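The residues making up each chain are set out below.
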Amino acid sequence: MLCAAALAMAACGGGEPPAATGSTPTLSGTTTASTSSASTTAVSSTTVTATSTPSTSLSFTFTLPAERSTSAGVFTSDGRLVRTLWRGERLAAGTHTRSWDLRGDDGALAPVGAVTVRLVHHDLQYRWEGVIGNTSFSPGQLPHKSFQVPLSLAIDGTQVHMGAGYNEAQSALLGFSTLQPQRPAPRVTHADPFVGFGLVASDGERLYAANTGGLDKGGFLVSFLLSTGQQANWPAGAALCLARLPDGKCYPDQDYGSVIARRSPGGALPTGLAVQRAGAALVVAWGADSKVQVYDKFSGRLLNEWAAPLSAVSSNQLAMSADGDLWVVADDRVLRYTDLTGTPRLVQSISGLERPLAVAGDPANGGLVWVAEGGLSQQLKQFDRGGVLLRRIGQAGGQQGRAAVAADTFSFSGARRELTALALDGEGRIWLVDSHHNRLLRLAQDGTLIDQVAWLPASYAATVDSSRPSRVFANFLEFQVDDTRSPQAAGAWRLARDWLAGLPTNLVDSTSANSGFGGFRAVHTLSNGRSYGQLEVSGARVIVELTAAGTVREVARLPAPPAGQTPVTLYDNGELGWAAVEGNRETVYRRALEGFDTDGNPRWALTPRVVASVPTAANAPWYRPGAWAGLAGPYFPVTAGGKVVMFDPSVFAGERFHLGAVDVGAGSWSWMSSPSGVMDGRGSFQTRDQDANLQYGGNLVAVSGRSVVYGYHGEFFTDSSNGRVGQANQFMHFLDNGLFLGQFGTPSTRAGSTPQAGQSGNNFSWSLVRSGTRTFLYHNDESTWGGVHRWELVGLDDLQELNATGEPGITLALR
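Parameters and conventions
Residues numbered from 1 in each chain as written. Predicted model: local features only at pLDDT ≥ 70, side-chain atom pairs only at ≥ 80, totals over all residues. Heavy atoms only, no water. Pairing = 2+ DSSP bridges. Helix = DSSP H or I, 4+ residues; strand = E, 2+ residues; numbered from the N terminus. Axes fitted to C-alpha atoms, helices over the stretch in contact; angles between N-to-C directions. Disulfide = S-S within 2.5 Å. Salt bridge = Lys/Arg side-chain N within 4 Å of Asp/Glu carboxyl O. Buried < 20%, exposed > 50% of the residue type's maximum accessible area, 1.4 Å probe, protein only. Polar contact = N/O pair within 3.5 Å; in protein donor to acceptor, adjacent residues only side chain to side chain. Contact = heavy atoms within 4.5 Å. Core = buried A, V, L, I, M, F, W, Y, C linked by side-chain atoms within 4.5 Å. pLDDT = per-residue confidence, 0-100.

A. Here's a closer look at the sheet that holds strand β17 (residues 272–275). Ordered by their spatial adjacency, 4 strands build an open sheet running β17-β18-β19-β20, and the pairing between neighbours is antiparallel. With one partner strand each, in any of the chains shown, β17 and β20 (302–307) form the two edges of the open sheet. Across the sheet, the mean angle from the axis of one strand to that of its neighbour is 15°, orientation sign disregarded. Pairing of strand β18 (residues 281–286) with strand β19 (residues 291–296) involves 6 bridges; the strand directions are antiparallel. Across the sheet, residue Leu-282 finds its bridge partner in β19, namely Tyr-295.

Next up, the structure:
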């Protein structure tokens, strides 16, 4: 989870009268009746009745054809929103009467004169459809998910064990049956957030796990009985407690009754683990020490150790042969040792390998071994006892230099080191971690792909091509999506391209991976039919072209913003935009796209134009420079109704609104909405004045037509419905006149054995796109469902807007 200190911010009331009918919505889940977006509106003419009312108020009536969700506000003659009367009330069919007390949102009397009362009603639903990129996604069932790709594999016949490493308060031990690979079914789980079990081995009776560096940075080995899932005891082991309660007792999840090979934090960590099935040898490799140690797997007693030419940064360096010999991955060789518990002897050396990464013995033939190669190979190779190459699986070079992904284009590359894991099951099938593509492949021994288990690890960068919404991106991976079908349906999505493989070295930094914070912040296919993306490279924003040849080409490197200015952002029409605080105003600028040169590089106007500006009043929703605005933001989008949208995502202290708009070319607020307050399902923005736990609040704002949506991931927010602290994961939906339409999303605080529909974590990278007649919102996921989420905004074309104009002292009929 993101963890950073933030300042606080507080509530500004909306002056809403009690609801006439219906109930107050809470934080939204999969669908909500108090939700809407704008597409079509019906606008009434003014009707003045003969009924008089006191001049201290203005009454109005309206008729609903059916039960509907409603919001209403009062506007001045120049279109400025003076007062939000109510937000998101569910009202019954029939005629309703309401009144306005002539006061604005600030509580002061509004100027007397003709005003317009506007009401929006709808029955819009926000439908969570599932996730892209996870083959195991199935509503109501636990999906495969983890903070990282699997780091290690061990197989007992049909049972696959996986070591996930650090797994963000989830079990670091995962698993499934080869008979049902899309259903998680671990034999052992252990949800200790302090450890990272990155190595596993099994002899069919016990599962052995090595801590390779979670929150606890010290190495050690622990074993579990497969029959019960409980920790096993080593007589020669020692107790270990990683965290204690205030009374001195050990936290149960961090209490290890018997561990061996404990190293102090900061020392060498295990880089390989293997165990004999029939014999007593449990072997661990220490790459940084160039040392192999052999323990008695029954007692935990150290039996042997010897020097070996190990790599300090590799993993999965050990594997056991079917006859009890040990395979060791050396720098550029694979070595075979025998007599492990007696006098270890080197009996075979397979040389001429290209950066060997992992090794696996054939469980049915002690003379056969599989080696996964990195570097320029990115292939699997099988050798016999004499070192003769028998088989080669995968295209030479794997994914390197090409974007199109195929079943046999493996990629073991990573931002920090190459990584893979492999093992063979009881049928002789090969299971290979294609780490770069976040998938686990099951291969026949001739290389034929049988099936795959795929999911996305913690992924913070997701976007959709605004002009071609079938292209969905997670980090550098591109999925081809059929949005007319459920993501669960066969063939509804496929991994199409990996743009990281074609990334030039000048665009590579420490985040360049298909997980975490690396990848595209935005992708837009522009008027020349070519696609352009926005990246962040070592803190600099860069515009690139995603070429038809499958490479990534730098187009422009955007300058760092001066103090008081937001970073420059690429918009869906190809313009570059930003905002700057100048004196007591914030001004929005754009540089127009004027065309393209012969190389396809965009040409932007040298002189920016002023789109709009607003005064920086204390209670107003102007963007405070430096406030967190997701990976891609901040944005200042323009609606189809000509409104420039402003958003304050911060949780600083002080009364204010968080969403507002100004007419294009204008210099004053047209409306302000989304007041600070405890999150209530009606678009209130929870701040640190209401919730001292909060670290982050909102992120992006986007528009589609007249719909305005902003995200509120709410790191460490307190859920008022249950008191739990977690992530809010909400989206707030407004019409571009400032009236509230709906709120949707499922907080991480809604605990359960299976993730709830729409539940997510840190979903601050998202896109609002129109595909044909449908509107979708796609967003990233920290690791709740292990994929890119898709919501559909259903019922936009049924949105209706009523209004009437008049002065206080009469009753208006909204039509």
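B. Looking closely at the state of the cysteines. Per the stated rule, a full pass over the model turns up 1 disulfide. With a sulfur-sulfur separation of 2.2 Å, Cys-241 is cross-linked through a disulfide to Cys-250. Given an S-S torsion of about 105°, the disulfide between Cys-241 and Cys-250 has right-handed geometry.

C. Summary view of the sheet that holds strand β40 (residues 552–557). Taken together, 4 strands build an open sheet; the order of strands is β37-β38-β39-β40 and the sheet is antiparallel. Every other strand in the sheet has two partners, leaving β37 (522–525) and β40 as the edge strands with one partner each. Across the sheet, the mean angle separating the axes of adjacent strands is 30° when strand polarity is ignored.

D. Spatial organisation of the pattern of salt bridges. Inspection of every chain in the model, using the stated rule, returns 38 salt bridges. One salt bridge in this structure joins Asp-323 and Arg-385, with 3.1 Å as the shortest N-O distance. Placement of the pair is Asp-323 in the loop between β21 (318–320) and β22 (326–329) and Arg-385 in the loop between β27 (380–383) and β28 (389–393), with a sequence separation of 62 residues. For Asp-323, a relative accessible area of 43% corresponds to the partly exposed category. By relative accessible area, which is 44% here, Arg-385 ends up partly exposed. Among the ionic contacts, a cluster of salt bridges with common partners joins Arg-118, Arg-706, Asp-736 and Glu-801.

E. Geometry of the pairing of strand β42 (residues 576–582). Taking burial as the measure, the 7 residues of β42 include 5 buried ones, the bulk of the element. Looking at chain direction, strand β41 (residues 569–570) and β42 are connected through 2 bridges and run antiparallel. Its bridge partner being in β42, Thr-569 is matched across the sheet by Gly-577. In this antiparallel pair of consecutive strands, β41 and β42, the connection spans 5 residues, and Gly-574 shows a positive phi of 90°. Relative to strand β43 (residues 585–591), β42 runs antiparallel, the two sharing 7 bridges. By the bridge assignment, Ala-579 is partnered in β43 with Val-588.

F. Highlighting the side chain of Arg-471. Counting through the fold element by element, Arg-471 comes out in strand β34 (residues 471–474). Residue classification places Arg-471 among the buried positions, given a relative accessible area of 8%. Within the structure, Arg-471 has its side chain in polar contact with the side chain of Ser-531 (distance 2.8 Å). If sequence neighbours within four positions are ignored, Arg-471 has contacts with Thr-463, Val-464, Asp-465, Glu-478, Phe-479, Gln-480, Trp-499, Thr-525, Ser-531 and Leu-546.

G. Structural detail: unusual backbone geometry. With an omega of 0°, the peptide bond between Gly-633 and Pro-634 qualifies as cis. Residues other than glycine seldom take positive phi values, yet Asp-339 does so here, at roughly 55°. Structurally, Asp-339 is set in the loop between β23 (334–338) and β24 (345–350). On the accessibility criterion, Asp-339 (36% relative accessible area) is partly exposed. Non-glycine residue Phe-716 carries a positive phi angle of around 65°.

H. Focus on the nonpolar core. Of all hydrophobic cores here, the largest spans 38 residues; its most connected members are Trp-766, Leu-777 and Leu-793. Secondary-structure elements contributing two or more residues to this core are β7 (125–132), β46 (609–615), β47 (643–647), β48 (657–663), β50 (698–704), β56 (766–771) and β58 (788–794). Beyond its immediate stretch of four places on either side in the chain, Trp-766 contacts Ala-462, Asn-699, Leu-700, Val-701, Ala-702, Val-709, Tyr-710, Gly-711, Phe-731, Leu-777, Tyr-778 and His-779.

I. Representation of the confidence of the model for the protein. In the predicted model, the protein carries a mean pLDDT of 91, and the fraction of residues at 70 or more is 93%. Every residue in residues 1–26 is under pLDDT 50, and counting partners more than four places away or in other chains gives 103 contacts. Counted against residues more than four places away or in other chains, residues 29–54, with its pLDDT under 50, gives 109 contacts.

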